[in-house]
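Okay, here's what each chain looks like letter by letter:
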Amino acid sequence: MVDFSQARVTMVDTQVRPSDITRLPVIEAMLSIPRDAFVPASLKPMAYAGGNVPLGEDRVLLDPRTLAKMIDGIGPGPEDLVLDLGCGLGYSTAILAAMAQAAVGIESDPARVTEAQAILAGLGVDNAAVIAAPLTEGAAGQGPYDALLVSGGAIEELPANLVAQLREGARIAALFMEGNLGVVRFGHVHKGRVSWRDAFNASAPLLAEFTRPRGFVF
């Protein structure tokens with residue numbers, strides 16, 4: 001029988017703290033929120049391991065190190081509204097909600113949305129919502145947002161309509177895959193445009209909705 005409470009502490013001590021996490025609220029949230037509650041029953045023993053946890057189709061729960069560093073990089077604060085794309089069963093949304101004023105998760109699978117809402121409600125997370133919508137549509141009606149996280153996998157590009165849902169000065173974290181190479185980039189919105197900087201290497205399956213259109217080949 002796995003002691004999930006101890007596994008959570010071990011995850012933070014061995015994977016999160018050594019990863020140059022600069023914001024204490026990230027560590028506090030990952031210590032307090034049970035990651036095992038947000039994965040399918042058959043995969044709960046994998047919840048606190050060092051890899052991505054597959055959630056079906058192209059969706060994963062990102063490994064603790066990668067997710068912690070991405071959230072640390074966008075630095076959600078108590079007055080921020082955060083958009084979380086591809087939130088799976090809601091773990092990343094719960095972490096963001098523990099740090100921000102509120103978090104809005106987007107999932108394209110209605111069944112997954114229903115399950116995520118039930119998990120968040122069961123844990124008493126009352127400042128987070130998970131909405132069923134295509135990931136590339138976001139949730140403009142709930143914005144504008146102070147930060148955006150793409151948490152469910154990797155992307156090749158971020159559509160302009162999502163950037164349009166962000167406030168001036170908003171922060172973005174996304175994992176970009178170029179072939180077999182992946183890099184997390186942090187973005188900053190200025191006058192409707194995003195300036196990106198490479199942060200660290202990571203890997204995850206591509207989210208189908210965020211693949212770059214392929215040119216015609218003879």
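The structure presented is a predicted model; accordingly, all values stated were derived computationally and were not measured.

Participant: Could you give me a rundown of the overall build of the protein chain, with the residues and numbers involved?
Facilitator: Broken down by element type, the protein chain carries 6 helices and 9 strands. A compact globule built from 218 residues would reach a C-alpha radius of gyration of about 17 Å, and the protein chain, at 16 Å, matches this within 12%. Overall size of the protein chain, expressed as C-alpha extent along the three principal axes, is 55 × 45 × 35 Å. In the protein chain, buried positions account for 52% of the 218 residues. Partitioning the intrachain contacts of the protein chain with sequence separation of at least 6 by distance along the chain shows that 59% fall at a separation of at least 24. Of the accessible surface of the protein chain, which amounts to about 9,800 Å², a share of 54% is contributed by carbon and sulfur atoms.

Participant: Explain the packing of aromatic side chains residue by residue, including any values.
Facilitator: Under the defined criterion, the tally for this structure stands at 3 aromatic pairs. With 6.3 Å between their ring centres and 45° between their planes, F4 and Y48 make a pair best called tilted. Taken together, the positions of F4 in helix α1 (residues 4–16) and Y48 in the loop between α2 (24–32) and β1 (53–56) put the pair 44 residues apart, joining distant regions of the chain. Judged by relative accessible area, which is 8%, Y48 ranks as buried. Across the ring face of F200, the terminal group of K69 is positioned such that the distance to the ring centre comes to 4.9 Å.

Participant: Outline the layout of surface pockets, listing residues and values.
Facilitator: The space that makes up the largest pocket amounts to roughly 150 Å³. If you trace the largest pocket, you find it lined by S19, D20, I21, K69, D72, G73, F186, R197, A199 and F200. Where the lining of the largest pocket is concerned, the elements lending two or more residues are α3 (64–74) and β9 (193–201). In terms of residue class, the lining of the largest pocket is built from 4 nonpolar, 2 polar and 4 charged.

Reading the values: rules and limits
Residues numbered from 1 in each chain as written. Predicted model: local features only at pLDDT ≥ 70, side-chain atom pairs only at ≥ 80, totals over all residues. Heavy atoms only, no water. Helix = DSSP H or I, 4+ residues; strand = E, 2+ residues; numbered from the N terminus. Rg over C-alpha atoms; globule rule 2.2 N^0.38 Å. Buried < 20%, exposed > 50% of the residue type's maximum accessible area, 1.4 Å probe, protein only. Contact = heavy atoms within 4.5 Å. Areas by Shrake-Rupley, 256 points an atom, 1.4 Å probe, with all protein chains shown as cover. Phe/Tyr/Trp six-rings, centres within 6.5 Å; stacked < 30°, edge-to-face > 60°. Lys NZ or Arg CZ within 6 Å of the ring centre and 35° of its normal. 1 Å grid on protein atoms, 1.4 Å probe; cavity = no way out; pocket = protein on both sides within 12 Å on 5 of 7 lines; lining within 4 Å. Points joined across faces, edges and corners; volume = space filled by probe spheres on them. Nonpolar A, V, L, I, M, F, W, Y, C, P; charged D, E, K, R; others polar.

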